[in-house]
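The primary structure of each chain is shown beneath.
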Amino acid sequence: MEGRAARVLRHAHLQPGGGGPVRRAAARAPVWDDGSARALPRCAGGARAAATGKPCRQGPGADRACAGCDVRCAAAAGRAPARHCGGFHGARPSGSAGPCCRRALPSRSRRLSGGRRRVMSQASESSRWVLAFEEPGGRALPVVGGKGASLGEMAGAGLPVPPGFCVTTVAFSSFLAGCPEAPELLAALDAVEPEDVEGVRRVGQRVRQRLSDVAVPEAVASAVVEAWRGLGTEHAYAVRSSATLEDLPDASFAGQQDTFLNVRGEQELLERVRGCWVSLFTDRAILYRRQHGYPSSAARLAVVVQRMVSPEVSGILFTADPLSGNRNVCSIDASYGLGEALVSGLVNADLYRARKATGEVLEVRLGDKAIALWPARGGGTEQRPVPPEQGRARALDDATVARLVEVGRRIEVLRGGPQDIEWCLEGGQLYVVQSRPITTLYPVPEPAPSDGALHVYLSFGHAQVNTAVFPPMALCLPPLLLPFGRRRSDGGAELMVQAGGRLYVDLTPLLHRAPFSRLAPRLLDSVVTGTAERLASIQSRPEFLAGRKRVAARLGPLVGALRPLFSRVRRRLLHAKPEEARAGLEAAMESRLGKWSRGFQELAPGAPRLRFFRQEVSTVFREVLLTEAAPAIASGLMSWKLVGTLVRGRVDERTLQAVVRGLEGNVTTDMDLSLGDVADVARETPAVASRLRDATSASIIEELRGVAEAERFLLAWDDFLARYGHRCPGELDIALPRWSEDPSSLLRVLSGMLHSDVSGEHRRRHAAALREAELATERILEVAGQGPLGFLRRRMARGLVAKARAYLSLREHPKFLFIRLFQHGREAILEAGRQAVERGLLADISDVWMLELDELIALMEGHTEGMREKVAARRATWKRYARLSPPPMLTSEGEIPPLAASSGPETPGVLKGMGASVGVVEGTARVVLDPAREVLRPGEILVAPFTDPGWTPLFIHARALVMEVGGLMTHGSVVAREYGLPAVVGVTGATQRIHTGQRLRVDGDRGQVVLLESTSAEAA
C-alpha cells in the first residue's frame, strides 16, 4: 500500500504547478550538498539571511529568511504555513539537525496538525536523497548535477520534459561514505598525470572494483523506491548520470559517465543508480577531468531517473550551427527510434538547418537511417533494421522543424546561451530529455555592431602572427593605437572588437565601398592566407549587402585619416630620396624615445605615469608612424610590385624574391646578427660556451658573473640586452616578461647556436643573401633594358629596386618603437601594481594584467569598488579562453566564414599551405611551441604555430620554416625571404601533424610540406 509520503512525491512529480499544501510541502523541502551551505542555492526571496538577516525580496510583508541555512524555505517565501523547512537545515548525511526556519515564522505558521507535521517530516527526510524536477532544489547544480539542474530548470519553466526525479549528490556522498578507502583512492586518482593513460586505467580499475562492492545506503534506496513508485512502476525508465562537473559553459563532459535505458523493476533500478555512481570513475571520465584541470575529489554525481519515452523519431537540436558557429542558424540531426543510436554514432541521420528567428528550413541533407534502436521487451534496447524506403524518406517535415526551432529558442533564452538539446517525438508529442551548453563555439565578437548589420572581422592576432590569448590589459592597448574610428567610450577604435581574448578588426566599412571592396580582399590575403576566399563567401550574401548604406558612412573617418598617407606615398615613390625617408623616420623615433625617457622619469609613479603612457599610446601612431613609417613602407611594397610588373613573364619568382634579401638596416635583422655575434664571443672561451650550451635556466648568467674568463662574453651580453632587452616572443602582450627580465628564450637560442663550433656563419649567410640580391638586381636590370625604350625601363627598374630595398628595410621600425613604449608602460603598470598590493587594493601584482589601463588608473585614484571580484572573474575567463583556437575570421553572428572544399583527395603525407619563400630543402623537423623551452639546432627545420620578432633569432640557423598561420607579408614570411629560407605558411595543424625528429621536404615553390618518414630516433 502506498505511503502518504510517497503520495506527496507522486503529486509533486505528476502535477507541475498544481497541488495543495501537502504537495507544496515536498516542493519546498530543503536541499544539501555534503552539509556545505556555500554550495546551496539562495533562498526563494534572494537573500542570504544567515549572514545578513535581510528581508526576503519575494514581496511586501514577507518573513525574514531562515537564520539557519541558505536554502529555499518557507520563511523566505512568506507564503502558506505548510512551507517550512522541516527542521533539518544544515544537516549532514549523518542526520544531525541544525536550526529550523520555524523559529523565524510567525506563530500562526506553526499551527499544524500532528499528522501533517509527520508527513512533511517524512517528505523532507526523503528529499535529502531525492528531488523531483519541479522542486526548486532540483535546479541546483551542486545538488542534482548539470543534467538534473537543466531538466529542473526546463520543467519549472513549463517545457515538455518527461516526469522524473534526481537522486541527489548527498545520496552519492552517503554512498562514498560506505567505502572507508574512498579518500585514499580519490587522492591516488588526483596524483596521476593527465598524460598517464596506463596509470589512470590502473587506479581507476581499483576504484571501480571497490565501489561496485558498496551497497546503496538503506535510506537512499528507500527514498528512490518510494519516488519510483510515486511515478508509476508500470513504466520503463532512463537512468542517467548527472555530475556536478558536466554541462558547464566551458566543458560539457558529455558522455563521460554512464546512461541506462529501458530500466524496469526495483532491483534493476537500484543497480543502475549504483552503476551511474561508479561510472564517475571510468577511465574516460577521469582523463577528461584531469585534462581540464578538475580533481576527482571535487566531482560529485547525482542520478536522473526519468520516465522513458518510446519515440518514433528522436535527435539533437543545436541552437547555433556547431560547425560554422553561426548563432542565427539551428542545426538538427534526426533519426528513427531512440536517440542513443544517433548519439553513439550508429546511424547516418538526417541533417536539417533552419533559420532560428523564423524556423525556415535552409538545408535538408538526408541520411540513410539504416538502423534504429528500440526499447526491448525485457529491458534494455535492441537494434532493428529500418526499411530502405523509410530510411530514404525525411524523418521531419518543415512544420516539425519549425516546432523544434521554437522550443530551442525558448530553451536558449531560459538557459542564457546556445544549447545542445536532445529531443524525441512520441505520438506527435515533442519531449525534451536533455539540454546542455554548446561548449565548442568560439565567442561572438564584442561589442556587437550598433547598426544591426552583418559585420565581418579579421583576426588581429593572425595578421600579427601571434594567436595567443591576451589578458585585458594587453587587449585594451591596440585599439588605443589606431588613430581612426574612435567612437568608443574609452577612446579606443570602434573598428577593433574582442572575441575569446583576442582582437578582431572590422573590415565591413572597407567591403561596402569601392575600390576598397575589390582591393582589400587581395591585399589582406597576403597577410592572412585564405582571407579573399572567406570574404567572397560573405560579400555576396543578401543580408550582408542589406547593411551597405548603414555601414559605408563609417568609412569616412578612416578615409579622412588615411588621405594624407596617399600623398606622402606618392611623394616617396616619385620624388623623395630613400635616404631622406630613413633619416626622417629615425629622427622622429629618436625624438619620441627621448620624450618617453624624460616623461616617465619626471612623473610620479602611479596614475600620473599611467596617464602619460595612455596619452602616448593614443598619439604615437598618428604623429610618427602614419606620417613617416607608413608612407615609406607602402612605397617599398609598391616599388617591389612595380619591379615585377616591369619584367613580368621574363624573370621567375625566385629572382623577384631575391631582390629583397639581405636588407641592410632592418632592426630585427640587426638584432639577430648581434645575437650571433654574442654567440661568437662565447665560442672564444670554450668553458663559457660549454656552460651556456648545457644551461637549463637563466641563472647561468649570474653564475658566469663570478667567472673571470666570462668577462668579455658578459660585456657583449649586457650590450645586447641594453639595445634589445625590451623585446621578447609574443611582445605585443604587455603582460609577458621582456628579455631584460627573463632571458630564458634568448639563452635557448644561444644554446642552439653553440651546438655548432663554427664562428661567423650568420654573417656569411647574410653576406650571401646580399650577394644574391645583387645578382638578382643585375638580372632584372638586364631584362628590363631589353627591347624598345629599354634604357628607360632599365633606369626605372634601378630606381624601383633601390626604393624597394631602402624602404622595406624600415618595415620593422614601427613595431620596434611600439615595443619600446610598451616597455616603459610595463614598468609603470608593475609599479602601480606594487602600490596597489601595498595598499591592499589587489592581492597580487599580476592582478594588474586582469584590468584595463583606464581601470588601473581609476584604482590608483581611489575607485576601488568591485576590483578584486572583477580580477578573479576575468582570470577565470582568461584561463578558459587560453584553451580556445581562434579562427582567422568571424562575423558578428559568430560564424567562421568557410573556405571552399578541397578539389581533390588529400595526398597522404603531404601538408598543404602557402609558399611564402621559394626553395626546396629536406631536413629534420624541430617543433617549437615556446622558444623559451625548446632549442633549435643548426640545420633543423623550424615548425611553429606562429613567429614574431622575438622568435627570429631562431631563423639564423634554421634550414626552413613551417608555420600554422601567416601570409606572404607577415613577419615570419618576410624574414624567411630575407634569409633565403624556404617557407610554407598557413599549414593547418602543423605542430600536431609533424613531430620533432621527423624528416621533411619543405617545398616553398609549391606551398607544401612532404612528410618523408615517421618520427625518427632523433626525437627520443
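Keep in mind that what you see is a predicted model, and the values were worked out from it rather than measured.

Caption draft 1: Expanded view of the overall build of the protein. Assigned secondary structure in the protein consists of 38 helices and 25 strands. In the protein, which comprises 1020 residues, the proportion classed as buried is 56%. In the protein, the proportion of contacts linking residues at least 24 apart, taken out of those at least 6 apart, comes to 69%. Carbon and sulfur atoms make up 52% of the accessible area of the protein, which amounts to about 41,800 Å² in all.

Caption draft 2: Region of the structure containing the sheet that holds strand β8 (residues 350-355). Within the open sheet, the six strands sit side by side as β9-β8-β7-β6-β12-β13. Their pairing is antiparallel. Strands at the two margins of the open sheet, each flanked by one partner only, are β9 (361-365) and β13 (429-437). Strand-to-strand, the axes of this sheet are offset by a mean angle of 20°, without reference to chain direction. Here six bridges tie strand β6 (residues 313-318) to strand β7 (residues 329-336), and the two strands are oriented antiparallel to one another. Paired with Phe318 across the strands is Ser331, a residue of β7. Together, β6, β7, β8, β9, β12 (419-426) and β13 form the strand contacts of helix α15 (residues 398-415), whose direction differs from that of β13 by roughly 40°.

Caption draft 3: Looking closely at the packing of helix α8 (residues 182-191) against helix α9 (residues 197-212). Packing of α8 against α9 leaves a shortest axis separation of 9 Å and a crossing angle of 155°. If you check the angle between α8 and α9, you find them roughly antiparallel. Remark: the crossing between α8 and α9 carries left-handed chirality. Along its contact with α8, which presents Leu185, Ala188 and Leu189, the element α9 presents Val203, Gly204, Arg206, Val207 and Arg210. Among the residues forming the contact of α8 with α9, the class breakdown is five nonpolar, one polar and two charged.

Caption draft 4: Seen up close, the packing of aromatic side chains. According to the stated counting rule, one finds 11 aromatic pairs in the structure shown. Consider the rings of Phe720 and Trp739, whose centres lie 6.3 Å apart with planes at 40°: the pair is tilted. One end of the pair, Phe720, is in helix α30 (residues 711-724); the other, Trp739, is in the loop between α30 and α31 (744-753), with 19 residues separating them in the sequence. Of the two residues, Phe720 and Trp739, neither departs from the other in class, the shared state being buried. Cation over ring: Lys641 sits above Trp640, and NZ or CZ is 5.6 Å from the ring centre.

Caption draft 5: Representation of the pattern of salt bridges within the structure. All told, the structure shown has 50 salt bridges when counted by the stated rule. Among the ionic pairs, Asp283 bridges to Arg208, the shortest N-O distance being 3.0 Å. Pair noted here: Asp283 is in helix α12 (residues 283-291) and Arg208 is in helix α9, with a separation of 75 residues, a long-range link. For Arg208, a relative accessible area of 17% corresponds to the buried category. Of the charged contacts, one joins Arg826 and Glu741 as a salt bridge, the two residues approaching to 2.7 Å between their closest N and O atoms. Residue Arg826 is found in helix α34 (residues 813-838), and its partner Glu741 is found in the loop between α30 and α31; the two are separated by 85 residues along the sequence.

Caption draft 6: Structural detail: the side chain of Glu422. Relative to the helices and strands, Glu422 resides in strand β12. For Glu422, a relative accessible area of 13% gives the class buried. Ignoring any residue separated from it by four or fewer positions in sequence, one finds Glu422 in contact with Arg240, Gly315, Ile316, Val343, Tyr431, Val432, Val433, Gln434 and Arg436.

Caption draft 7: Structural view of the environment of Leu189. Assignment of secondary structure puts Leu189 in helix α8. Leu189 sits in the buried class, given a relative accessible area of 0%. Each C-alpha atom of the pair Leu189 and Gly204 lies 7.1 Å from the other, and the pair is 15 residues apart in sequence. Not counting residues up to four positions away in its chain, the partners in contact with Leu189 are Val203, Gly204, Val207, Phe281, Ile286, Arg290 and Ser296.

Caption draft 8: Geometry of the side chain of His766. Note that His766 resides in helix α32 (residues 761-784). When neighbours within four sequence positions are excluded, His766 is seen to be in contact with Gly662, Leu663, Thr669 and Leu673.

Caption draft 9: Fine view of the sheet that holds strand β1 (residues 130-132). Reading across the sheet, the five strands line up as β1-β2-β5-β3-β4 and stay open at both edges, with antiparallel pairing between neighbours. Only two strands of the sheet have a single partner each, and these edge strands are β1 and β4 (259-263). Strand-to-strand twist in this sheet, taken as the mean axis angle between neighbours without regard to direction, amounts to 25°. Note that β1 and strand β2 (residues 164-167) share three bridges and pair antiparallel. Across the sheet, Leu131 pairs through a bridge with Cys166, a residue of β2.

Caption draft 10: How the structure looks around the nonpolar core. With 113 residues, the main nonpolar core has Phe613, Leu692, Phe713, Leu750 and Leu856 as its most contacted residues. Excluding its chain neighbours within four sequence positions, the residues that come into contact with Phe713 are Val678, Val681, Ala682, Val688, Leu692, Ile701, Leu704 and Leu750. Membership of the second largest hydrophobic core comes to 50 residues, among which are Phe175, Leu211, Val216 and Val220.

Caption draft 11: Representation of the confidence of the model for the protein in the model. The predicted model of the protein has a mean per-residue pLDDT of 81, with 83% of residues at 70 or higher. Low pLDDT, under 50, characterises residues 1-123; the stretch is placed with 214 contacts to residues that sit more than four places away or in other chains. This model gives residues 1015-1020 a pLDDT under 50, and the stretch forms nine contacts once residues within four places in sequence are excluded.

The rules behind these values
Residues numbered from 1 in each chain as written. Predicted model: local features only at pLDDT ≥ 70, side-chain atom pairs only at ≥ 80, totals over all residues. Heavy atoms only, no water. Helix = DSSP H or I, 4+ residues; strand = E, 2+ residues; numbered from the N terminus. Buried < 20%, exposed > 50% of the residue type's maximum accessible area, 1.4 Å probe, protein only. Contact = heavy atoms within 4.5 Å. Areas by Shrake-Rupley, 256 points an atom, 1.4 Å probe, with all protein chains shown as cover. Pairing = 2+ DSSP bridges. Axes fitted to C-alpha atoms, helices over the stretch in contact; angles between N-to-C directions. Parallel < 35°, antiparallel > 145°, perpendicular 65-115°, else oblique. Left-handed = near helix turned anticlockwise from the far one by under 90°. Nonpolar A, V, L, I, M, F, W, Y, C, P; charged D, E, K, R; others polar. Phe/Tyr/Trp six-rings, centres within 6.5 Å; stacked < 30°, edge-to-face > 60°. Lys NZ or Arg CZ within 6 Å of the ring centre and 35° of its normal. Salt bridge = Lys/Arg side-chain N within 4 Å of Asp/Glu carboxyl O. Core = buried A, V, L, I, M, F, W, Y, C linked by side-chain atoms within 4.5 Å. pLDDT = per-residue confidence, 0-100.

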